[in-house]
Amino acid sequence: MIARRIWRSHRFLRPFSSSSVCPPPPFRVPEFHPQSSSSPASRPFFLHPLTLMKWSGQSRSWFSNEAMAIDSHAGLIDVPLAQTGEGIAECELLKWFVQEGDPVEEFQPLCEVQSDKATIEITSRFKGKVALISHSPGDIIKVGETLVRLAVEDAQDAFLVTSDRSEIVNPGCLKQNIDNVVGALSTPAVRNLAKDLGIDINVIAGTGKDGRVLKEDVLRFGDQKGFATDSVSTEHAVVGGDSVSTTASNFEDKTVPLRGFNRAMVKTMTMATTVPHFHFVEEINCDALVELKQFFKENNTDSTIKHTFLPTLIKSLSMALAKYPIVNSCFNAESVEIILKGSHNIGVAMATEHGLVVPNIKNVQSLSLLEITKELSRLQHLATNNKLNPEDVTGGTITLSNIGAIGGKFGSPLLNLPEVAIIALGRIEKVPKFSEEGTVYPASIMMVNIAADHRVLDGATVARFCCQWKEYIEKPELLMLQMR
């Protein structure tokens, strides 16, 4: 009966079958001593070995389908960082949406984390109250580590008793324990400051909202009790104050940890240096492309759409890939096999304040120029606001790096593995050219540099592919003629 009630209430317990390899150990009810002076953090917690994640496509939120740790008498539930994607072992905590002491509803966002691939909101699976925040923004959190501890009134339904006996919690004492479980309200930074000074933060009278303990409260308490706070307060004043000494900061080394997409770039570029590259450089006459863009701008009836060169370059690239499918492939080094990709998922490198990210436009071979323009605009907006979905940055088959949008005529890109080709686009500029008759005329020229994986592609294949792409750009009427 208890198991059936738990199933209907929380829907996260699953029946165990004999075919399972390793059954989850049963939870036991911890002994509770009302007179114990131990802190909530020192009370027993029990770890469930399986953590399931569910994805909400509309809100881009993840939540734990099972509580990782439960103290049934105190009503405490640990909310862990669970697996947010394949191969993700850690995430960076970007910001909190709640504070200690705040009430929390089911599916309410708790925090925002960033993995190597995307930014994700972690939501609550339970209704309760924030008892303890375990990490500060900027921390790197391993999968399975506790993010936040919640005080939940119905936590007695969130554990399994042993098969030998069943023990039921008294709801009367549960409510009283929840009211006292939160303790002093403060941020993790203030807690760390109190810990450094050797001060029990629970004995400090907070002056912030709802009795929250502030940094000033900790320093004041330390001065009153004779703790050494001069060095700590001076350090915080120099780091966090408005005026910083020129001698103390401008000429000192500074260590900057790499986070998020910058951290991912370290891994991918290190892997890319192990692959034998070669480069093929060509210049493309973009006079027809410039005229086409101008035509689109003059006949644009939607003010939300901004026409650029890139959508036409992307579509023409897809048309060239259709004739040279090996360029749209990936290489499996273990089996020594080439996988020809059926879809043209063309990635576009974007430099944001959060780092370099490469979202890709899916199935370009089936999209019109207008659809490509809209999808490119959507991805640029999400990248700027650090809101890209994991689906937006995975599954790419070839990459464009438009360095010409910033400046520069020539670039030498590295592969975005497991793709076998990446193309750097220089800026389009007017240069003098000679006609066959010997006369000089102005031309809009763009330099392109194709980096290729020499384990898969040879120079002749890349040269033919580039010539085909160049023909589509210089003669858009051929592009329109063969476009589906």
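Residues numbered from 1 in each chain as written. Predicted model: local features only at pLDDT ≥ 70, side-chain atom pairs only at ≥ 80, totals over all residues. Heavy atoms only, no water.

Attention now goes to unusual backbone geometry. Of note, the bond from leucine 417 into proline 418 is cis; its omega dihedral lies within 30 degrees of zero at 10°. Residue placement: proline 418 occurs in the loop between β19 (398-401) and β20 (421-425). Positioned with a positive phi, asparagine 363 is a non-glycine residue whose angle comes to about 55°. The residue asparagine 363 is located in the loop between β18 (360-361) and α10 (369-384) in this model. Unlike most non-glycine residues, asparagine 386 shows phi in positive territory, near 55°. (Helix = DSSP H or I, 4+ residues; strand = E, 2+ residues; numbered from the N terminus.)

When charged atoms on two side chains of opposite charge get close, those side chains can pair. As enumerated under the stated definition, the model contains 13 salt bridges in all. Between arginine 125 and glutamate 106 there is a salt bridge, with the nearest N and O atoms lying 3.2 Å from each other. Here arginine 125, found in the loop between β8 (119-123) and β9 (128-133), pairs with glutamate 106, found in the loop between β6 (103-104) and β7 (109-114); they are 19 residues apart in sequence, far enough to count as distant. Exposure remark for arginine 125: the relative accessible area of 7% places this residue in the buried category. For lysine 387, the salt bridge identified is with glutamate 112, shortest N-O distance 2.5 Å. (Salt bridge = Lys/Arg side-chain N within 4 Å of Asp/Glu carboxyl O. Buried < 20%, exposed > 50% of the residue type's maximum accessible area, 1.4 Å probe, protein only.)

Under the definition given, this model contains 0 disulfides. Cysteine 466 takes part in no disulfide bond, and the closest cysteine sulfur to it belongs to cysteine 467, at a distance of 6.0 Å. Among the residues examined, cysteine 466 registers a relative accessible area of 1% and is labelled buried. (Disulfide = S-S within 2.5 Å.)

In the structure shown here, the tally under the stated rule is 2 aromatic pairs. On the numbers, 6.2 Å between centres and 55° between planes, the contact of phenylalanine 295 with phenylalanine 296 is tilted. Judged by relative accessible area, phenylalanine 295 falls into the partly exposed class, the value being 49%. Ring centres 6.3 Å apart and planes at 80° place the aromatic pair tyrosine 324 and phenylalanine 465 in the edge-to-face group. Note that tyrosine 324 is positioned in the loop between α9 (310-323) and β13 (329-332) and phenylalanine 465 in helix α11 (residues 459-474), a separation of 141 residues in sequence. A relative accessible area of 21% places tyrosine 324 in the partly exposed class. (Phe/Tyr/Trp six-rings, centres within 6.5 Å; stacked < 30°, edge-to-face > 60°.)

Let us now look at the nonpolar core. If you look at the biggest cluster of nonpolar residues, it comprises 47 residues, and the most contacted ones within it are Ile314, Leu317, Leu400, Ile423, Leu425, Leu457 and Trp469. Contributions of two or more residues to this core are made by β12 (277-285), α9, β15 (346-348), α10, β19, β20, β22 (440-453) and α11. The element best represented in this core is α9, accounting for 7 residues. Excluding residues within four positions of it along the chain, tryptophan 469 makes contact with Leu313, Ser316, Leu317, Ala320, Leu400, Ile423, Leu425 and Val448. Formed by 22 residues, the second largest nonpolar core is a distinct cluster that contains Val79, Trp96, Ile120 and Phe126. (Core = buried A, V, L, I, M, F, W, Y, C linked by side-chain atoms within 4.5 Å. Contact = heavy atoms within 4.5 Å.)

So, on to the pairing of β9. As judged from the 2 bridges shared by β6 and β9, these two strands associate in the antiparallel manner. Note on β9: the bridge partner recorded for valine 104 is glycine 128. Strand direction decides the pairing type here: β9 and strand β11 (residues 146-151), joined by 4 bridges, are antiparallel. By the bridge assignment for β11, valine 130 is matched with leucine 150. (Pairing = 2+ DSSP bridges.)

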